[in-house]
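Descriptive structure summary
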Number of protein chains: 2
Amino acid sequence: MQLANLIGPDLRAALEDDPEGLREALEDMHPEDLAEIVEDLADLESVALIRLMGPDLAAEVLERLPADRQVDVMESLEADEAAGLLSEMDPDDRVDVVQELDDDHAEIILAALQKSEPEAAEEVRELVHYPPETAGGLMTPDVISLPPETKVWQAIDRVREIAHAEDAETVYYIYVCAYGEKLMGVVSLREMILGESSQTLAELMNSKVVRVEATDDQEVVADVIARYDLTAVPVVDDHERLLGLVTVDDVVDVVIEEATEDAQKMGGVVPLEDSYFATSFLEFVWKRGAVLVVLFLGQLLTATVMEANENLLHQTLSLVIFVPLILSSGGNTGSQSAALVIRAMAVGEIEVGEWSKVLIHEVAMGLCLGLILGLMGFARGYLVGGDVEALHMGVAVGASTLCVVALGATIGSVLPLLTRRVGLDPAVSSNPLIASLSDVLGLTIYFAVAGFVLEAVF
Amino acid sequence: MQLANLIGPDLRAALEDDPEGLREALEDMHPEDLAEIVEDLADLESVALIRLMGPDLAAEVLERLPADRQVDVMESLEADEAAGLLSEMDPDDRVDVVQELDDDHAEIILAALQKSEPEAAEEVRELVHYPPETAGGLMTPDVISLPPETKVWQAIDRVREIAHAEDAETVYYIYVCAYGEKLMGVVSLREMILGESSQTLAELMNSKVVRVEATDDQEVVADVIARYDLTAVPVVDDHERLLGLVTVDDVVDVVIEEATEDAQKMGGVVPLEDSYFATSFLEFVWKRGAVLVVLFLGQLLTATVMEANENLLHQTLSLVIFVPLILSSGGNTGSQSAALVIRAMAVGEIEVGEWSKVLIHEVAMGLCLGLILGLMGFARGYLVGGDVEALHMGVAVGASTLCVVALGATIGSVLPLLTRRVGLDPAVSSNPLIASLSDVLGLTIYFAVAGFVLEAVF
């Protein structure tokens, strides 16, 4: 049976006519591909399909669904079924699902889990306290920890036992802990296989273990794993007690998630919690509208600046012609500076102490780019002239372009540096914010420069 | 000896007075932290420090330096020393370094490597053909492959041998290959430890191996690893022959690199090849200036549109006052749409066939946001009035804002959808490009709408 053919009506028919054949076809597929099929189905059909899978496959599929669909599925199942699914999931994913449910549903399902697997339920109740975007929220508590005096042959036996019960996220690292679970060192499975079976873990272990604290932000975890090229990092509490571990595959998701949040912030959107299609229209209106309304209020200043210069405009209407051109040059340059500076800070290329170096670089760059665009602006102003002498108009446009472009580069770099300085994410210095600021200030500069240059004429 | 104190002059003194103590202090540190120290040193000192380290530590530090500093170090060393360092590196990193060197230096160092480690030199010459941003460029050829009839005990012996020689990037996956290295399946070390020692790999193996082709782009590799939660993915040629593998820690770097490139493109910069500080001023001028000049040329159209409407402007100078306000609202909305759509496509939330759904969503969103901002624009226009009747001015500003904001949302979503359609990276639909397009079209709309509304007045 080809599952690709089973979308929509066909699937409904197969569910009724040949559930056994369908079940076999399902078992042959990768859970990720199944998750994509389930995601495209209506609620009723997706639940029917998940019921048809064995609980272990169903759990793997559920882990891979977007949060809102996980909730739909869990709420459509009986409490016992839902608890059965939960018990098959990895502990970190199990907690994520429970955190998405509303409190009532979560309590009912946890109560059912408490009956069948009291340990798993307790674990969820403990882990649920860590916010999802911290090391504690990412970690799995299923980690192998053994005392330092364990012999290698004992450790390998223990690994075999645990691997058999599938009771650990990874069996490739064995953490060596003193009394009270205090983390002392780490031994890889590779090193154990190489070692003599009579050696103790204390002899083999590497005691310089890179670790994170449970309260560390997920960005810190991703940074540590990427920096030290780790496949897993242990999570400890503030007494250095081992709580669990975060594996690199979870971190790939974190890095992608953070890049999306940054891109949305830089684009001037309050970061979405769900995927594009799972976000409601109303939430979009709120998360985009709030930013736009605030910027619009700020941009009203441009109208005020224009009004303040109405006399100059009356005298020289040609000035107006170049307003959009000059403002946009400033905004574009600012957008470039911001993108460069924000990313360089995100990946750690720019350290906290280097702000003056960055600022000098960007201002110099702004002057240089301003010179290029200013020359082009001069040429256009010179050719148009209008009601002013050509040379004067050229100089006015060229000089303003130079100043506004340099201003754009300055704002585009100062703003991210400042937002980091005050402890905010630099990505909130969004392109729209930079463009708006550069518009208001740029307009003021334009009229000042143009007024100064054209003074000779009147 | 505390290495933190050894920056600059102290380090020079320590190099002369107590090289042995310094060497010991170095051996105690993590290579990543050493790499950061070396990066901050002048060329001469960094080479002296690297010479002081044992070759294996030096290789680990070199692997972690930015490309331009790797080249500096390699070119400052004697060919034999450089070859010695290369031979200690992982094959994938080794190739990366050689690819960064200019051809002459690469040839001299490879010739030296050929003498000491002919196999490694041959391997480099083969791998160097894969572009660095493909699966082939990322992979390491040091992978464990065994025939299907191998018994588990034989395989474990082989793993032990290989782990001892440190001759594989990971020993946790054993690939099962038929005659001619055709990839048949995979067995994890965990499964082998669980299995009976008399079983064959064919019995244990999972034959549904997710794989990538050597010519696949690194983004595809990252996507596959993230999607299927893999710790490593095998790389095959177009005859399904196993060539090597890419591990997830390399992919974390790829994801970060791609996010940076996307952010730079969206900011309107041609992506940098090196880090922020390693990029020369001239390269910055070129990579930013080219974009700005093209956009400036396009933006000249705004001046043309203004000129074309000079009559209208002469009659109603108040119109001009709102130009920056209205244009920036359109640009800001476009920037939001672009950020949302580009990221949603990058993480696979928006499929190729869903463009109409996205377009309808964004246009509706644009109209809705336009309505909000339009009402605010109406209020401001109504209050200013100027040389026009207040109500007319309010309607002209409000209606234009609505239209321009809807236009911004449309451009911000259509452009990324179109660029993907024609096979380009959607991120090239940069914010500056969208803002510029929306300026030119927005200005046209503004004058059309305002002219229409104000017609009653004249």
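The model shown is predicted, which means the values in this text are computed figures rather than measured ones. (Residues numbered from 1 in each chain as written. Chains lettered and ligands numbered in written order. Predicted model: local features only at pLDDT ≥ 70, side-chain atom pairs only at ≥ 80, totals over all residues. Heavy atoms only, no water.)

With 28 residues, helix α17 (residues 281-308) of chain A should cover 40 Å at 1.5 Å per step; its first-to-last C-alpha distance of 40 Å lies within 8% of that length. Of all bends in α17 of chain A, the biggest is about 30°, found at G289 of chain A. (Helix = DSSP H or I, 4+ residues; strand = E, 2+ residues; numbered from the N terminus. Expected span 1.5 Å × (residues − 1). Bend = angle between axes of the 7 residues up to and from the residue.)

Okay, the confidence of the model for chain A next. All names here are of chain A. With 95% of its residues at a pLDDT of 70 or more, chain A shows a mean pLDDT of 85. The lowest-confidence element of chain A is helix α1 (residues 9-17), averaging 73 in pLDDT; the highest-confidence one is strand β4 (residues 212-213), averaging 94. Taken together, the chains of this predicted complex give a pTM of 0.77 and an interface ipTM of 0.77. (pLDDT = per-residue confidence, 0-100.)

Another aspect to go through is the sheet that holds strand β3 (residues 182-188) of chain A. One key point about sheets: their strands pair by backbone hydrogen bonds, in either a parallel or an antiparallel sense. Residue and element names in this part refer to chain A. Spatially, three strands are ordered β1-β2-β3 in an open sheet, and the strand pairing comes out mixed. Every interior strand has two partners, whereas the edge strands, β1 (145-146) and β3, have only one. Bridge count for β1 against strand β2 (residues 173-178) is two bridges, and the pairing is parallel. Bridging across to β2, L146 finds its partner in V176. (Pairing = 2+ DSSP bridges.)

This part is about empty space enclosed by the protein. Where empty space is left in the structure can be found by rolling a water-sized probe over the atoms. The full count for this structure, using the stated rule, is two cavities of 30 Å³ or more. A volume near 300 Å³ is recorded for the largest cavity. In terms of lining residues, the largest cavity is bounded by 22 residues, among which A435 and D439 of chain A together with S328, A435 and D439 of chain B are the most central. Taken together, the elements giving at least two residues each to the lining of the largest cavity come down to α20 (323-346) and α23 (431-454) of chain A together with α20 (323-346) and α23 (431-454) of chain B. Classifying every residue of the lining of the largest cavity by side-chain character gives ten nonpolar, ten polar and two charged. Estimated volume of the second largest cavity: approximately 130 Å³. Forming the walls of the second largest cavity are 14 residues, and the residues nearest its centre are D262, A263 and M266 of chain A together with A263 and M266 of chain B. For the lining of the second largest cavity, a count of residues per class yields six nonpolar, four polar and four charged. (1 Å grid on protein atoms, 1.4 Å probe; cavity = no way out; pocket = protein on both sides within 12 Å on 5 of 7 lines; lining within 4 Å. Points joined across faces, edges and corners; volume = space filled by probe spheres on them. Nonpolar A, V, L, I, M, F, W, Y, C, P; charged D, E, K, R; others polar.)

Both copies of the chain are tied together by a single rotation about an axis and a shift running along it. By a simple turn and slide, chain A fits onto chain B: the slide is 0.0 Å along the axis, the RMSD is 0.1 Å, and the turn is 180°. As the rotation angle and translation indicate, the two copies are arranged about a two-fold axis. (Least-squares fit on C-alpha atoms with pLDDT ≥ 70 in both.)

Further remarks concern the sheet that holds strand β6 (residues 242-247) of chain A. All names here are of chain A. Sheet architecture is open: three strands sit in the order β4-β5-β6, paired in mixed fashion. Edge positions in the sheet fall to β4 and β6, since each has one partner strand and no second. With two bridges connecting them, β4 and strand β5 (residues 232-236) associate as parallel partners. Counted as the bridge partner of V212 is V235 from β5.

Turning our eyes to something else, we now look at the packing of helix α8 (residues 91-100) of chain B against helix α10 (residues 118-127) of chain B. Residues and elements named next belong to chain B. Packing of α8 against α10 brings their axes to within 10 Å, and their N-to-C directions diverge by 65°. Here α10 runs roughly perpendicular to α8, going by the angle between their axes. With respect to the hand of their crossing, α8 and α10 are arranged in right-handed fashion. Seen from α8, the contacting residues are P91, R94, V95, V98 and Q99; seen from α10, they are A120, E123, V124 and L127. By residue class, the composition of the contact of α8 with α10 is six nonpolar, one polar and two charged. (Axes fitted to C-alpha atoms, helices over the stretch in contact; angles between N-to-C directions. Parallel < 35°, antiparallel > 145°, perpendicular 65-115°, else oblique. Left-handed = near helix turned anticlockwise from the far one by under 90°. Contact = heavy atoms within 4.5 Å.)

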